[in-house]
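Structural characterization, general
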Amino acid sequence: MRPARAGWLHVRRTTRLRAMGTWYDKVRRPDSDASIVRDLVESVERLPGLDKWSPSHGFEIQRTELIRWGHALWMTRSLPGVESLQQTIAGEILASGRPAPETFAELDGAALCVALGAVAAGRIPRGSDRTADWRMVWPGDANLDLEITIAKRKKKHMERAAFATDLANAIFALDRDFDLVVDLADSALPKDRDMILEKAETIASGQTQGDSSKWQMRALQITRAPTVLYSGGQDPQPSWWPADQSRCFVFKSYVAGPDAHHAPPQVRICFGVPYDSYVNPIMRKADAPQGTEGLPFLVAVDIADLPGAFREIPRVVSGFLPFWRAVSGILLFHSMMNVDRVGWLWRLLRNPHADVALPEELCAGRADLEDIMETGVQLTEYKSNSEAV
């Protein structure tokens, strides 16, 4: 499902603080770049100490990252207290070629809030007491404290994904003429692989086989349109699926040609990951809230490294929200970029049990939606009125 667009900005002119241009001249695409691209690239070039830095693989290869980093820097350029964060990011780029994920997430989450309508903001000074990362203000003097964290895949998550990918490749090599869907709970072991492959060789269309406590295989008649690789909701979780496991998937398929009348067969492996990978980053903030008493407390989670988190986290945290009364809401996000735009994918979850509710100025038309939302800026020259703003 394509994310809903919310708040895409078509920027045609901006004011530069000083002449730069050396980096942009190396990465520019003269026939398509909007003027904002120069500002984003120069936002990185302007960081302290980077005047003589050069990417190890060259500026053209680094174009995507420069624009993505520059977008967060540009959106937060006037926020009080951001200078120390800029200095940290500059030092990390000089040391390793890129900002540390935790550092960039702290900047990127604030940038998203600015894009979502915050009219004022500032980084909260660090002291002896635990504090949130930012104070954000929406219209009507609606203040909230923003704490930003990052979710990381654990070793077990990566092992499960590798096992599922290997299994998908092996089953796909059997060349069956129907779709094969394998549900693989976390309790399944690598030694189950041979049994699964044996069943994949003999199963017939319409059949279901397997050990329903660990894995199950379904042979499905192909009903997808020729050009559709995957449609949301086509493989609902089975009734026996463990309640404490999030559900991720990998698939293997050929791409249909332009004259194809039928979709090619596909193998889809749905594998389980214990939900602590998804809920722990939020739980740590909920168990030791760092917000100011009397203000809403929003936890923003960068989920770029956690596949399926937009779907799984809302499901998993719903049972915890009554116990997290200090948490007013959860903002799930990660930065995204393609050839014509840079921004974020995000979902905003409101905690109906919170002691202090999120401001309506933030939530109106945004909170508790089923869709994943997009927000950002257009990178190519604006030529149509068809885009939503």
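Numbers given to residues run from 1 along each chain, matching the order in which its sequence is written. Side-chain atom pairs in this predicted model are given and counted only at pLDDT of 80 or more, local residue features only at pLDDT of at least 70, and totals for whole chains, interfaces and linings cover all residues. Side-chain calculation: all heavy atoms of the structure are included, whereas hydrogens and water are not.

With that settled, consider the sheet that holds strand β9 (residues 266–274). A pair of strands is treated as paired once DSSP finds two or more bridges between them. Starting at the N terminus, helices and strands are each numbered in turn, a helix being any DSSP run of H or I of at least four residues and a strand any DSSP run of E of at least two. Spatially, 5 strands are ordered β6-β7-β5-β9-β8 in an open sheet, and the strand pairing comes out mixed. One side of each edge strand has no neighbouring strand; the edge strands of this open sheet are β6 (208–209) and β8 (245–253). As paired elements, β6 and strand β7 (residues 215–220) share 2 bridges and run antiparallel to each other. Its bridge partner lying in β7, Gln-209 is registered against Met-217. Across the sheet, helix α6 (residues 155–172) lies against β5 (179–184), β8 and β9, angled at about 160° from β9, the strand it touches most. Pairs of residues are marked as contacts when any of their non-hydrogen atoms sit within 4.5 Å. Lines fitted to the C-alpha atoms define the axes, with helices restricted to the stretch that makes contact. Angles between their N-to-C directions range from 0 to 180 degrees.

A 1.4 Å probe rolled over the protein chains alone gives each residue an accessible area, and that area as a share of the maximum for its type sets the label: buried under 20%, exposed over 50%, partly exposed in between. In terms of burial, strand β4 (residues 142–150) is largely enclosed, as 8 of its 9 residues are buried. With 5 bridges joining them, strand β3 (residues 134–138) and β4 adopt antiparallel strand pairing. Its bridge partner lying in β4, Val-137 is registered against Asn-143. Count of turn residues in the β3/β4 antiparallel hairpin: 3 residues, of which Gly-140 carries a positive phi of about 80°. Summarising the sheet, β4 and strand β10 (residues 297–302) pair through 6 bridges and their orientation is parallel. Residue Thr-149 lies in a different strand from β10, and its bridge partner there is Val-301.

With respect to the helices, strands and loops of the structure, Ile-282 is situated in helix α8 (residues 276–287). Separated by 45 residues in the primary sequence, Ile-282 and Val-327 have C-alpha atoms spaced 9.4 Å apart. Excluding anything up to four places from it in sequence, Ile-282 contacts Val-301, Ile-313, Val-317, Trp-324 and Ile-330.

This next bit is on the confidence of the model for the protein. Per-residue pLDDT for the protein averages 85, and the proportion of residues at 70 or more is 89%. pLDDT: the predictor's confidence for each residue, scored from 0 to 100. For the stretch residues 5–19, pLDDT sits under 50, and the model shows 49 contacts to residues farther than four places along the chain or on other chains.

For any two helices packed against each other, one specifies the inter-axial angle together with the distance between the axes. Look at helix α3 (residues 63–75) against helix α5 (residues 101–115): their axes get within 8 Å of each other, and the N-to-C directions meet at 60°. When the interaxial angle is binned, α3 and α5 end up oblique. The crossing of α3 and α5 is left-handed. The segment α3 lies against α5, with Arg-68, Trp-69, Ala-72, Leu-73 and Met-75 engaging Phe-104, Leu-107, Asp-108, Ala-111, Val-114 and Ala-115. For this classification, the nonpolar set comprises Ala, Val, Leu, Ile, Met, Phe, Trp, Tyr, Cys and Pro, the charged set comprises Asp, Glu, Lys and Arg, and every other residue, Gly included, is treated as polar. Taken together, the residues that form the contact of α3 with α5 break down as 9 nonpolar, no polar and 2 charged. Each angle gets one of four labels, with under 35 degrees taken as roughly parallel, over 145 as roughly antiparallel, 65 to 115 as roughly perpendicular, and the rest as oblique. Note on convention: near helix rotated counterclockwise from far helix by under a right angle means a left-handed crossing. Clockwise means right-handed.

Here the focus is unusual backbone geometry. Backbone geometry at Asp-141 places phi at a positive 60°, although glycine is not the residue there. Locating Asp-141 in the fold gives a position in the loop between β3 and β4. Positive phi is not limited to glycine here, since Asp-368 has a value of about 60°. Here Asp-368 shows up in the loop between α10 (360–363) and β13 (373–378). Asp-368 sits in the partly exposed class, given a relative accessible area of 41%.

Most of β10 sits inside the fold, with 6 of its 6 residues counted as buried. The alternating pattern of β10 places Phe-297, Val-299 and Val-301 on one face and Leu-298, Ala-300 and Asp-302 on the opposite face, and all of these are buried. Across 5 bridges, β10 lies against strand β11 (residues 329–338) in parallel orientation. The residue bridging Asp-302 from the neighbouring strand is Phe-333, located in β11. When the strands point away from the viewer, a crossover counts as right-handed if the path from the first strand over the helix to the second runs clockwise. Since β10 and β11 lie parallel, the crossover through helix α9 (residues 309–317) that links them has a hand, and here it is right-handed.

Right, let's talk about the pattern of salt bridges for a bit. By definition here, a salt bridge exists when the distance from a side-chain nitrogen of Lys or Arg to a carboxyl oxygen of Asp or Glu is within 4 Å. Throughout the structure, instances matching the rule amount to 22 salt bridges. In this structure, the salt-bridge partner of Asp-179 is Arg-268, at a minimum N-O distance of 3.2 Å. Linking Asp-179 in strand β5 with Arg-268 in strand β9, this pair joins segments that are 89 residues apart in sequence. Residue Asp-179 shares its accessibility class with Arg-268, and that shared class is buried. A salt bridge links Arg-350 to Glu-360; the nearest nitrogen and oxygen atoms lie 3.3 Å apart. With Arg-350 in strand β12 (residues 341–350) and Glu-360 in helix α10, this pair connects stretches of sequence that are 10 residues apart. Judged by relative accessible area, Glu-360 falls into the partly exposed class, the value being 47%.

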